[in-house]
Each structure stands twice: as structure tokens, then as C-alpha cells.
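# Survey of secondary and tertiary structure
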Amino acid sequence: MTNINYEEWEPVIGLEIHAQLDTKTKMFSRAPNRYGDEPNTNISIADTGQPGALPVINGEAVKKAVMFGLAIDADIALTSQFDRKSYFYPDNPRNFQITQFEFPIVRGGVIEADVDGKTKRFDIHHAHLEDDTGMLKHFSKFTGIDYNRAGAPLIEIVSMPCMRSPGDAVAYAMALRSVMQYVGTSNCNMDEGSMRIDVNISVRKKGEKGLRTKVEIKNMNSFSNMAQAIESEFIRQVALYVNNPDTPHNEVVHQSTCRFDLETKQTVVMRVKETADDYRYFPEPDLPPLVLTKEYIEEIKHNIPELPHERYKRYVKKLKIGEYSATLLINDKALSDEYEEALKHTTNARSLCNWLTVEFVGRIKESGKSLSEFGIKAKNVADLVNLIESEVITGRIAKQVADDMVQNPSLTPEEIVKANPNYQPIKDAKVVEDIIDKVLAANPSSIEDFHGGKDRAFNYLVGQVMKETKGKASPDMVKEMIKAKIGDQ
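Computed from a prediction, not measured in an experiment: that's the story for all the values here.

### Points about the pattern of salt bridges
One pass over the full model with this rule turns up 28 salt bridges. Residue R363 is joined to D403 by a salt bridge in which the shortest nitrogen-to-oxygen separation is 2.7 Å. In this pair, R363 is assigned in helix α10 (residues 349-364) and D403 in helix α13 (residues 395-407), connecting sequence segments 40 residues apart. Look at R363 and you get partly exposed, because its relative accessible area is 26%. A single salt-bridge network, built from bridges that share partners, covers E306, R311, R314, K333, D337 and E340.

Put into C-alpha cells, the structure is as follows:
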């Protein structure tokens, strides 16, 4: 086999993201749109393709599609149309899907995302409304079908082939998920299947302008799996081209559909890709064109909330939060909303960010719950920060208070501190001075090292004093008093 220099090649990636819309009912029926109910209980005659059943467009699904389109600065079609897409699978009881092929509701748009510290803009081709299929459930000796999801409203967002790495694809998908969550289009819960991603990928030599044959990887249900699948397919396609240099490109890589094998971490070709002709699209005869007014679109536009990338820029530029921490916040809308609530009660935005994203998230991570779901109020986290700022408690005591807040979420930090004598700080300078004298007497070599220019020695002395006081002395007071006694280097 030929030695391969993968650095000479680049992937060309586009994503098709299917997001289930947060509506009470399905796309074309009044059946409940709800996850987790008993199989085949949330169905109607329209969902199961009964003769004579007619679809009716869900107005709330249309509104959410428009909200998403406005959030990505896309063009909203005043007139769009539904089509029939024919295909014959058991999870599709009508034997056709109602979708938008020729005239989608959303055209264009841009998603901004940060990749390796740089903001990139990813172009969207279009987004269209459609309904979902049922779910096949495989058992040891048979396969069952749950039609609860059949007819659920979907928005499919089709990007341009504008990504050049797995990192680009993950950043784009995460940013798009955040936009949908922030505007309330979809909860995008990948574990529940309310967000699923199909990856289209081809490869080419760097500097090459045209596009080669693409392969589709179906149903990515996590960002990490998607990144691995892209890397695997990139390697597979490059190897095919390098090992068949004299064969026409379209005969080396065939347009096909793959799946990603989680055990082998390899993409596996399942079938030759269908074309649009195979689906026999034609206008849906039971639905009229979907007509919107400019006034309707403007009304929705006025209610678009702050979007994640705007919030990210505010965090970094105005609140001076680090880029990594800001990214953690905006990618978790529930956490970011809790941060916003807590900001109303404290002025130290950076310290608050650290306590939320590191201390409290770390303490409740195993529960799988958000802070509010766990029962800890955002205001209480802000109050804990304020107790540190006002030197009522030290940072070390604050960590113990945080442990107690997790054990007793209903208690405020003030109540916890007041009830525990061990959390009362030492404010008597004479008591602190006696402890400092004891530590200095026991560590003459550290004093010599400090005078010799070793900053670590000073920090060691401070640490020993804090240890003796069980974290109840003010670190600033301790530092000043030690410097006064041994001299400032």
C-alpha cells in the first residue's frame, strides 16, 4: 500500500441537522408530541396513514421555524410549499413523508462559532419543515414499531459544504444547537433523538477547487461520535484515491450512505445513495401553499431573545470572562440562564463564573441535573460569592459551605455560616499573629529561601498559616503580616 501524506488532503463537510420542534402536538395532526410515553399511544389516523385522513399544518411549528430563520439572519419565504417524498420503510406508515423540497420556508443564514479561539462563519443553504418517522425497536426474535414519533414536527437545517475539519463540524453543530435552544425551537436532546445529524463528506487535494463524490454518514447522535466518524471517513476516502491514482474520481468513491460502527470506530458503507428522482417528489395535494405576511414575521422578530454568540461576546468583552469559561456557559443554556440570574445579585462576574462552572457543576455533575433542578438557587451562589468578597468567610471556608449547600439545597449560605462555629473567620489580628510567629519559628529555612528570591517559599509560609487557622484567617491579612515580619523581598 502507498504511503499516504494526509496533510496534502482536506475534507469538505456539510451537515444536515434534524431537530424535533418543541410543540404540544404533531406536525399535521392533533396527536400529542411527547417523548417517553407508552409505545403507540400518541397516534392519530393521520399519523398512521389511515385512508381519508387529511393533514393540517401546525401553526406553532411554523412559528418556531420562522424564529430559527430570523435568529440566523436568513430569508423567510412568504410563500412555501409542502411536497410528498415517497419511500417504503416500515417506520413510515403512509409510505411517504410530507416535507418541503422545492420551496422551503427558510433560505440562507449564517451560524457563528468559535473554533480554536477564532470566530468562524458557516453558511446555511436552507431549512425546511417536515414530519418524522416512527421508531424501529429491535428485540431478540422480532422487531417492533413505535409510531409515537411518527408525524412529530421536524426542522431540517442543511448547511453549505463549508467545513474543513471535524472541529469545524462540531463547533458548527454545537453553535446551531445553542441557537435553537436559546430561541426555544427545540430542546435538541440527542439522547432522546430530538437532534440527529447526517454528515456529507468528500475529500480533495488542498488547493483543488472542485468537489469530488460525497458520502453520507447517517444518524450521528453525539458530537464526539461525529468527529470520529468524519476522521474515519476522511482516511478511508483519501486512501482510496491515493491507491487508485489512474482511476476517474467518480469510479473510486461512489455516492453512498454509511453508518459509523461504534466498536471498530470505522465507517461502513450500507447502500448506494438514492437520488432525488428515487423519492418521486411532487407537491402535496392535501395541503395548500403556506402563506405568511410581513407583519407576522416582524412580530416574531421583535421577540427574538439574546442569541448565544452575542452572549458569548458580552461575557468575554464586557464581563472579562475567559473564552473557555464563556464557551462552557453559552453551550449549556440552563447554566447560562442561571448565571444571568445570579449576576443580578453580585458584581464579581468572574468569581461567580468560576463558582458556577467549576465548583457547583463539579459537585452536582453525577446527578445529571442542572443547578435549579438540583434545588440550588442561583441567588444563593451569588450570595456565597458576596460573602467571600466582603471577607465574611474565606475561599477555603466557602468550599465547605458549597459542600453543605449541595447537601441541603434549601439553605442559604448565610444560614449555613451562621449555624456552624467552624465557619466563623478569625478577625482578631493578635490570634493570627501568634500563629504566624509559630509557623515562622518552625520554618527558618523557608525564610532564608524567600530572602534568596524563591517566591514559592513565601507561598509555603502562607499556606502553613492558613492550614493552622483551618482556612479561617484572611489570606490578605496573613500575607501582609508575614511580609511585615520577615521583610518584603
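Text resumes after the structure shown.
### Here we look at unusual backbone geometry
In this model, N95 sits at a positive phi of 70 degrees, which is unusual for a non-glycine residue. Mapped onto the elements of the fold, N95 is located in the loop between β4 (83-86) and β5 (96-99). A positive phi angle is found at K320, which is not glycine, with a value near 60 degrees. In this structure, K320 sits in the loop between α7 (308-317) and α8 (323-330). We classify K320 as exposed; its relative accessible area is 52%.

### Describing the nonpolar core
In this structure, L15, Y172, I197, V199 and M226 are the most contacted members of the largest nonpolar core, which totals 72 residues. Ranked by the residues each element gives to this core, the list is headed by helix α2 (residues 166-183), at 10 residues. F360, V401, V406 and V417 belong to the second-largest nonpolar core, a separate cluster that totals 37 residues.

### A word on the packing of aromatic side chains
Per the counting criterion, the structure on display carries 12 aromatic pairs. Between F139 and F142, the aromatic rings sit 4.8 Å apart at their centres with planes inclined by 25 degrees, giving stacked as the arrangement. On the basis of relative accessibility, which here comes to 46%, the residue F139 falls in the partly exposed class. Classification of F142 as exposed rests on a relative accessible area of 51%. Ring plane angle 90 degrees and centroid distance 5.3 Å describe the contact between Y315 and Y339, whose orientation is recorded as edge-to-face. Here Y315, found in helix α7, pairs with Y339, found in helix α9 (residues 333-343); they are 24 residues apart in sequence, far enough to count as distant. By relative accessible area, which is 0% here, Y339 ends up buried.

### Points about the environment of V392
One can find V392 in the loop between α12 (378-389) and α13. Exposure remark for V392: the relative accessible area of 30% places this residue in the partly exposed category. Linking V392 and P425, residues 33 residues apart in sequence, is a C-alpha distance of 6.8 Å.

### Re helix α15 (residues 429-442)
Over its 14 residues, α15 runs 20 Å from end to end, which matches the ideal 20 Å to within 8%, given 1.5 Å per residue. When we look at burial in α15, the residues that qualify are V432, I435, I436, V439 and L440. Looking straight down α15, one finds that the buried residues subtend no more than 135 degrees of arc, so they occupy a single side. Turned more than 90 degrees away from the buried face of α15, the exposed residues are K438, A441 and A442. The inward-facing, buried residues of α15 abut α16 (444-451), α17 (455-468) and α18 (475-486).

### Brief notes about the environment of T257
Among the structural elements, T257 can be located in strand β14 (residues 256-261). Taking the C-alpha atoms as reference points, T257 and I217, 40 residues apart in sequence, are found 5.9 Å from one another.

### Points about the sheet that holds β5
A sheet is described by the order of its strands in space; here three strands give the open sequence β5-β4-β16, paired in antiparallel fashion. For this open sheet the edge positions go to β5 and β16 (282-283), each flanked by a neighbour on one side alone. Strand direction decides the pairing type here: β4 and β5, joined by four bridges, are antiparallel. Each bridged residue has a counterpart across the sheet, and for S86 the counterpart in β5 is F96.

### Topic: a negative patch on the surface
Together, E389, E391, D476 and E480 make up a region of like negative charge exposed at the surface. Along the polypeptide, D476 turns up in helix α18. Note on D476: relative accessible area 47%, which makes it partly exposed.

### What to know about the packing of α7 against α9
When two helices pack together, their arrangement is captured by the angle between the axes and the distance separating the axes. The geometry of α7 relative to α9 is characterised by a closest axis approach of 13 Å and an angle of 50 degrees between their N-to-C directions. One element, α7, and the other, α9, form an angle in the oblique class. The chirality of how α7 crosses α9 is left-handed. Contacts from R311, R314 and Y315 of α7 reach α9 at S336, D337, Y339 and E340. The residue inventory of the contact of α7 with α9, partitioned by class, reads two nonpolar, one polar and four charged.

Here is what the cut-offs are and how they apply
Residues numbered from 1 in each chain as written. Predicted model: local features only at pLDDT ≥ 70, side-chain atom pairs only at ≥ 80, totals over all residues. Heavy atoms only, no water. Salt bridge = Lys/Arg side-chain N within 4 Å of Asp/Glu carboxyl O. Helix = DSSP H or I, 4+ residues; strand = E, 2+ residues; numbered from the N terminus. Buried < 20%, exposed > 50% of the residue type's maximum accessible area, 1.4 Å probe, protein only. Core = buried A, V, L, I, M, F, W, Y, C linked by side-chain atoms within 4.5 Å. Phe/Tyr/Trp six-rings, centres within 6.5 Å; stacked < 30°, edge-to-face > 60°. Expected span 1.5 Å × (residues − 1). Arc of directions from axis to C-beta. Contact = heavy atoms within 4.5 Å. Pairing = 2+ DSSP bridges. Patch = residues over 30% accessible without salt bridge, like charges linked within 9 Å, V, L, I, M, F, W, Y side chains within 5 Å. Areas by Shrake-Rupley, 256 points an atom, 1.4 Å probe, with all protein chains shown as cover. Lys, Arg positive; Asp, Glu negative; His and termini not counted. Charge placed at Lys NZ, Arg CZ, Asp CG, Glu CD. Axes fitted to C-alpha atoms, helices over the stretch in contact; angles between N-to-C directions. Parallel < 35°, antiparallel > 145°, perpendicular 65-115°, else oblique. Left-handed = near helix turned anticlockwise from the far one by under 90°. Nonpolar A, V, L, I, M, F, W, Y, C, P; charged D, E, K, R; others polar.

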